[in-house]
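Per-entry structural report
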Amino acid sequence: AISSAVISAKIANSRTVLQRFLRDHGAKSDSATIEPVIKRLGYTLKEIREDIPLNQLRGTEGQASASYFGVFDQLIVSQKNDFVFNGRNRRPPVDKVNCLLSFLYTLLMHDVRSAIECMGLDPAVGFLHRDRPGRPGLALDMMEEFRPFIADRLALSLINLGQVGKKDFFQKDSQAVYMSEDGRKKVLTAYQKKKQDEILHPFVEEKVQIGQLFYIQALLMNRYMRNDLDGYPPFFWR
């Protein structure tokens, strides 16, 4: 049930990223490529149920993620020659966009893990992500809800607004791409500023800072674990 909720939120929030982009920047991209993905993600959302086996849910999430990242390059509307995205790659990232995404995901994971620990939950006991020694499974589960809304959108803004550029990255002989110290400072500053923005939380129906979302979701998870809630309400970006 938790995995189903988390995956639903991730797919819905990914879909909203694409919808918002078309609304705000549709003239700068190939909408004919993006719109079918929006529809596909909508169909996928309708198919997700709590009684679906976990491995099947993981497969559904993987297919949705592939569709979403398949058009992610279309969302980059400036510095196109310097920031080319041909799909997710990691450990290590081999292009600037993946390097930026991975860095933001790491920041996000640490914030979610901290929130989980503050609410008395064990970050290592995951549901969607399999338990492995040293792996913060629950933190990885919960951060899925926030990847599109916080990390992906911030990465796109940093690139499209020219707040980071090719000089903020360098490539080693292994072809791995890394961020310069100055580049990391820029991204950290933007990330901390992003967390201060306010948003209406759809479940608690209050305006909160984005940085508080991690603690609210961890608290809701804690309440679900104690049977104070009938289900875990993930974060859906409206």
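Everything quoted here is computed from the prediction, not taken from an experiment.

Each value, and the rule that gives it
- Just so you know, the residues in each chain are numbered from 1, in the order the chain's sequence is written.
- Residues qualify for local features only when their pLDDT is at least 70, as the model is predicted, and side-chain atom pairs are given and counted only at 80 or more; totals for whole chains, interfaces and linings, by contrast, use all residues.
- The side-chain quantities take in all heavy atoms of the structure and omit both hydrogens and water.
- To count toward a patch, a residue needs a relative accessible area above 30% and no salt bridge. Like charges then connect within 9 Å, nonpolar side chains (Val, Leu, Ile, Met, Phe, Trp, Tyr) within 5 Å.
- The Shrake-Rupley method, run with a 1.4 Å probe sphere, supplies the accessible areas, and residue values consider only the shown protein chains as cover.
- Any Lys or Arg side-chain nitrogen located within 4 Å of an Asp or Glu carboxyl oxygen qualifies as a salt bridge.
- This count recognises Lys and Arg as positive and Asp and Glu as negative, with His and chain-terminal groups excluded.
- Charged groups are reduced to one reference atom each: NZ for lysine, CZ for arginine, CG for aspartic acid, CD for glutamic acid.
- Every helix listed is a DSSP run of H or I at least four residues long, and every strand listed is a run of E at least two residues long, numbered separately from the N terminus.
- A simple rule labels every residue: compare its accessible area, found with a 1.4 Å probe on the protein chains alone, to the largest value its type can have, and call it buried under 20%, exposed over 50%, or partly exposed in between.
- Among buried residues, those of type Ala, Val, Leu, Ile, Met, Phe, Trp, Tyr and Cys that are joined through side-chain atoms within 4.5 Å constitute a nonpolar core.
- What makes two residues a contact is simply this: any of their non-hydrogen atoms within 4.5 Å.
- Pairing of aromatic side chains here covers Phe, Tyr and the six-membered ring of Trp, requires ring centres within 6.5 Å, and sorts the geometry by plane angle: under 30 degrees stacked, over 60 edge-to-face, intermediate tilted.
- Either the NZ atom of lysine or the CZ atom of arginine qualifies as a charge over a ring when it sits within 6 Å of the ring centre and within 35 degrees of the ring normal.
- The quantity known as pLDDT measures the predictor's confidence residue by residue, on a range of 0 to 100.
- Axis lines are fitted through C-alpha atoms, for helices just across the contact stretch, and the angle between N-to-C directions can take any value from 0 to 180 degrees.
- Our angle categories are set so that under 35 degrees counts as roughly parallel, over 145 as roughly antiparallel, 65 to 115 as roughly perpendicular, and the remainder as oblique.
- Ten residue types, Ala, Val, Leu, Ile, Met, Phe, Trp, Tyr, Cys and Pro, are classed as nonpolar, four, Asp, Glu, Lys and Arg, as charged, and the remainder, Gly among them, as polar.
- Each cavity reported here is a set of points on a 1 Å grid over the protein atoms alone in which a 1.4 Å probe fits but cannot get out, each pocket an open set with protein on both sides within 12 Å along at least five of seven lines, and each lining residue one with an atom within 4 Å of a point.
- Grid points are joined across faces, edges and corners, and a volume is the space filled by probe spheres set on the points.

Considerations on a positive patch on the surface
On the surface, Arg-90, Arg-91, Arg-130 and Arg-132 cluster together to form a positively charged patch. Structurally, Arg-90 can be placed in the loop between α3 (54–70) and α4 (96–118). Looking at Arg-90, the relative accessible area reads 43%, which means it is partly exposed.

Some remarks on the nonpolar core
Leu-18, Phe-72, Leu-100, Leu-104, Leu-108, Val-112 and Phe-146 are the most contacted members of the largest nonpolar core, which has 74 residues in total. With 13 residues, the top contributor of residues to this core is α4. Among residues more than four places away in sequence, those in contact with Leu-18 are Ile-34, Val-37, Ile-38, Leu-41, Tyr-68, Val-71 and Leu-75.

Re the packing of aromatic side chains
Going through the model one piece at a time under the given rule, you end up with 11 aromatic pairs. Seen in terms of ring centroids, Phe-146 and Phe-214 are 5.1 Å apart; in terms of plane orientation they differ by 90°. Their pairing is edge-to-face. Separated by 68 residues along the polypeptide, Phe-146 in the loop between α5 (137–143) and α6 (147–160) and Phe-214 in helix α8 (residues 213–225) bring together distant segments of the chain. Neither Phe-146 nor Phe-214 differs from the other in exposure class; each is buried. These aromatic residues form a ring-pair network of at least three members: Phe-146, Phe-149, Phe-214, Phe-235 and Trp-237. Geometry around Tyr-178 places Lys-172 over its ring, the cationic atom sitting 4.8 Å from the centre. The cationic tip of Lys-194 hangs over the ring face of Phe-149; the distance from NZ or CZ to the ring centre is 5.7 Å.

Description of the confidence of the model for the protein
Looking at the protein, pLDDT values average 91 and 99% of them are 70 or higher. Element-level mean pLDDT values for the protein span from 90 in strand β1 (residues 169–171) up to 96 in helix α7 (residues 181–194).

Concerning unusual backbone geometry
Even without being a glycine, Gln-79 presents a positive backbone phi close to 55°. Residue position: Gln-79 is located in the loop between α3 and α4. We note that Glu-205 has phi near 55°; this positive angle belongs to a residue other than glycine. Residue Glu-205 is classed as exposed on the basis of its relative accessible area of 63%.

Examining the packing of helix α1 (residues 2–25) against α6
Where α1 contacts α6, the axes come no closer than 8 Å and their chain directions differ by 40°. In terms of orientation, α1 lies oblique with respect to α6. On α6, the residues that touch Lys-10, Asn-13, Ser-14 and Val-17 of α1 are Arg-147, Pro-148, Phe-149 and Arg-153. Broken down by class, the residue content of the contact of α1 with α6 amounts to 3 nonpolar, 2 polar and 3 charged.

A word on the layout of surface pockets
Put simply, the largest pocket is a space of about 1,000 Å³. Looking at the largest pocket, it is lined by 37 residues, and the ones nearest its centre are Arg-88, Arg-90, Arg-91, Tyr-105 and Arg-147. Where the lining of the largest pocket is concerned, the elements lending two or more residues are α1, α3, α4, α5, α6 and β2 (177–179). Take the lining of the largest pocket: its biggest share by element is 7 residues, from α3. Its residues assigned to classes, the lining of the largest pocket comprises 18 nonpolar, 6 polar and 13 charged. Of the pockets and cavities examined, the second largest pocket occupies roughly 290 Å³.

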